[in-house]
Amino acid sequence: MGIRGLMSFVEDHINEFFTDLKLRDTKIIIDGYALFHRLCFSSNLELRYGGDYDSFTDVVEKFFESLFACKICPYVVLDGGCDISDKKLNTLKDRAREKIQMAHSLSVGGGGYVCPLLIREVFIQVLIKLRVRFVQCFSEADRDIMTLANHWNCPVLSSDSDFCIFDLKSGFCPLNSFQWRNMNTIKGTRDCYIPAKCFSLDALCCHFGNMNKVLLPLFAVLCGNDHVNLPVVETFLSKVCLPLGTPSSKGRRHHRVLGLLNWLSRFAEPTEALDNVLKHLPRKSRGTVKKLLCGSMGEYLQSQGRLQDFFQHGAYACPDTWNPGLPPWVLAALARGQLSPFISDALVLRRTILHTQVENMQRPNAHRISLPIRQVIYGLLVNTPPHPGNVAWDALPPQPPAFSEVERINKNIKTSIVGAVELPKDHSDLSKLTELSLARRQILLLETLKVKQSILDPIPAALKLPIAVSCYWVQHTEAKAKLHHLQALLLGMLMGPLHAMINSPDEEALQGGGAEMLYEELQRVKAQPGLRLDLDTAHVFCQWQCCLQMGLYLNQLLSTPLPEPDLTRLYSGSLVHGLCRQLLTSASVESLLHVCPEAQQLYEHMFSAARSCAPAELVLPKGKSKKRRQKKRGTPWSENRVGTTLNARSWHEGGNRFELLTVGTLEEHMEAAELE
């Protein structure tokens with residue numbers, strides 16, 4: 001959530017509303033969404049090139065190492081998808097528009113803050129690697145965080161101003177004053193602590209004439225948060241004379257915060273104050289406004305969820321108000337972060353939001369390329385009914401299965417209606433999806449990505465999915481990828497294996513130091529600043545990330561028929577863009593890789609796999625491309641929208657025969673694969 005102007009107001013009174021803490025030897029509940037945004041935006045990371053996930057990983061690891069050194073036991077709580085009311089949709093759309101403007105600013109050399117597309121997935125992988133306990137809530141996490149922190153009597157770490165409203169037993173520590181990079185030692189001991197500030201709700205109430213704490217939720221909804229933005233509230237504010245007290249120098253928002261707090265401090269209870277608000281409004285709107293304000297005030301009450309059950313037993317009950325009757329395996333996977341909130345939104349709301357990257361705003365948004373993958377995801381989800389409380393869906397007449405997508409168009413947003421692919425019958429029951437054999441699930445994944453299993457055989461397990469996604473990407477005419485794009489992308493993928501070799505002394509000794517030499521050379525390329533962003537190159541790699549994102553989500557939904565790749569060192573935008581510049585001017589792949597034969601062999605396997613799927617003009621001189629293209633051309637999958645039917649491909653290992661199958665023969669083929 002977030003209350004407009006409140007955080008800057010309380011920080012303006014830091015000596016009055018905050019106490020100094022020497023944080024050590026305690027549990028702490030961390031708002032995961034706030035943390036990964038803070039670490040991404042406050043660590044001098046490059047944001048123009050789609051994400052330096054390796055650098056972000058290093059920052060996250062250092063953050064938690066600081067906590068461990070001070071014996072602070074972190075519990076990370078992540079937001080899930082939207083709840084069934086979808087009450088934040090307008091706020092989410094506004095933020096999507098703001099993100100487009102910031103992405104555009106970054107793309108033309110200006111400033112802005114846009115999280116890389118896969119930052120959440122990378123963050124979760126680092127938590128798993130470090131064995132940091134975490135949970136993904138079923139919807140927004142704030143109330144669950146408050147409830148857990150009070151149950152364990154420990155502080156909350158966040159940057160969300162809503163935590164200034166919650167009555168927290170051990171207080172709220174804002175991230176921007178949490179000095180994890182400046183650990184200190186208690187004098188005369190070896191014990192470390194992190195200097196922090198802790199917000200005191202009692203001090204705030206005392207400042208405003210010992211105001212009753214229970215009035216603060218009404219303050220939050222009147223001041224304006226992510227759930228309430230009513231014109232009639234503005235009507236009330238225009239009619240009531242808000243006492244400002246000491247004049248504020250921070251503009252209209254601080255005037256509103258100060259005036260509302262002074263005004264509310266006159267009342268003993270929320271009911272009295274609410275009645276006073278309503279009497280300033282037209283009679284005909286009072287009932288509706290009262291219901292909305294009371295409902296929004298309820299967002300600051302204790303949650304029904306018991307996150308402590310999850311951390312102690314590995315599961316917790318989904319609130320009845322959210323649960324749309326999803327299969328138990330889906331609920332468990334959502335709580336463990338094994339399924340994305342994208343899947344939750346598609347299931348509960350039949351609506352998803354496609355996040356904008358730093359891309360070419362003159363071209364169709366980068367997510368268009370992964371539409372066929374999303375249609376298969378929707379096809380797997382479509383037979384789960386929307387929540388019974390979703391009136392908008394209940395009111396619609398029977399129609400082909402469809403989902404709405406909020407996406408970028410030029411520098412604005414629009415909502416598109418997208419059809420789900422019709423899948424074989426045994427895929428249509430989400431509750432039994434995990435019962436399908438590995439072979440059948442793998443076939444569906446590879447069919448969707450338009451790649452043969454045999455092509456992936458020489459590829460290490462951890463890179464099979466990224467290479468399969470790359471094969472899909474190079475086949476798609478919308479990508480407009482060129483040879484140097486593919487080469488740079490695959491060279492960047494070597495960073496993970498090289499990092500592993502360097503950190504395995506026996507392997508590195510066998511290679512005579514070649515892995516370290518190559519790794520250092522690639523790091524040097526990454527560190528060289530580009531003069532300006534090549535928008536076409538940026539767009540091509542944004543499209544690849546969109547393909548990887550949806551490939552990951554489909555793989556997760558199918559219970560990982562291919563191993564989940566290590567995203568932390570899979571893609572570094574600064575490196576890949578730097579390699580593109582070098583490959584276009586002076587360097588060659590051979591000149592880079594000759595120092596490390598093992599890396600060169602891996603690169604050749606990856607390039608061979610992608611080349612086998614690429615159009616001829618990508619990998620051959622122009623004179624040879626026409627003849628090759630005539631031999632290679634096949635019939636693509638149907639990419640229709642509403643009411644599509646899956647035309648799936650079949651491969652036979654040991655030969656090159658290729659044929660199209662109908663849905664019926666696809667089922668037979670999957671059964672045959674299962675028997676094998």
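Everything numeric in this text was worked out from a predicted model, so none of it was measured. (Residues numbered from 1 in each chain as written. Predicted model: local features only at pLDDT ≥ 70, side-chain atom pairs only at ≥ 80, totals over all residues. Heavy atoms only, no water.)

Peer 1: An account of the pattern of salt bridges is requested, with residue identities and associated values reported.
Peer 2: A full pass over the atoms with the stated rule returns 15 salt bridges. Arginine 569 is the salt-bridge partner of aspartate 58, the closest N and O atoms lying 2.9 Å from each other. Taken together, the residues span a long stretch of sequence, with aspartate 58 in helix 4 (residues 53-69) and arginine 569 in the loop between helix 26 (535-557) and helix 27 (573-585) at a distance of 511 residues. Given a relative accessible area of 12%, arginine 569 falls into the buried group. (Salt bridge = Lys/Arg side-chain N within 4 Å of Asp/Glu carboxyl O. Helix = DSSP H or I, 4+ residues; strand = E, 2+ residues; numbered from the N terminus. Buried < 20%, exposed > 50% of the residue type's maximum accessible area, 1.4 Å probe, protein only.)

Peer 1: Explain unusual backbone geometry to me, and be specific about the residues and the numbers.
Peer 2: In this structure, lysine 71 is a non-glycine residue whose phi angle is positive, near 55°. Along the chain, lysine 71 falls in the loop between helix 4 and strand 3 (72-78). You can call lysine 71 exposed: its relative accessible area is 53%. One non-glycine residue, lysine 450, lies in the positive phi region at around 60°. Tracing the chain through its elements places lysine 450 in the loop between helix 19 (438-449) and helix 20 (453-456).

Peer 1: How would you summarise the side chain of serine 470 if you had to cite specific residues and measurements?
Peer 2: As for its position among the elements, serine 470 is in helix 21 (residues 464-475). A relative accessible area of 0% means that serine 470 is categorised as buried. Setting aside residues no more than four positions away along its own chain, serine 470 makes contact with Leu489, Met493 and Trp544. (Contact = heavy atoms within 4.5 Å.)

Peer 1: Tell me about the environment of glutamate 16, and please be specific about residues and values.
Peer 2: Tracing the backbone shows glutamate 16 in helix 2 (residues 14-17). For glutamate 16, a relative accessible area of 41% corresponds to the partly exposed category. When the C-alpha atoms of glutamate 16 and phenylalanine 199 are compared, they prove to be 9.4 Å apart, with 183 residues separating the residues in sequence. Not counting residues up to four positions away in its chain, the partners in contact with glutamate 16 are Ala203 and His207.

None of the figures reported here should be taken as evidence of function without further support.
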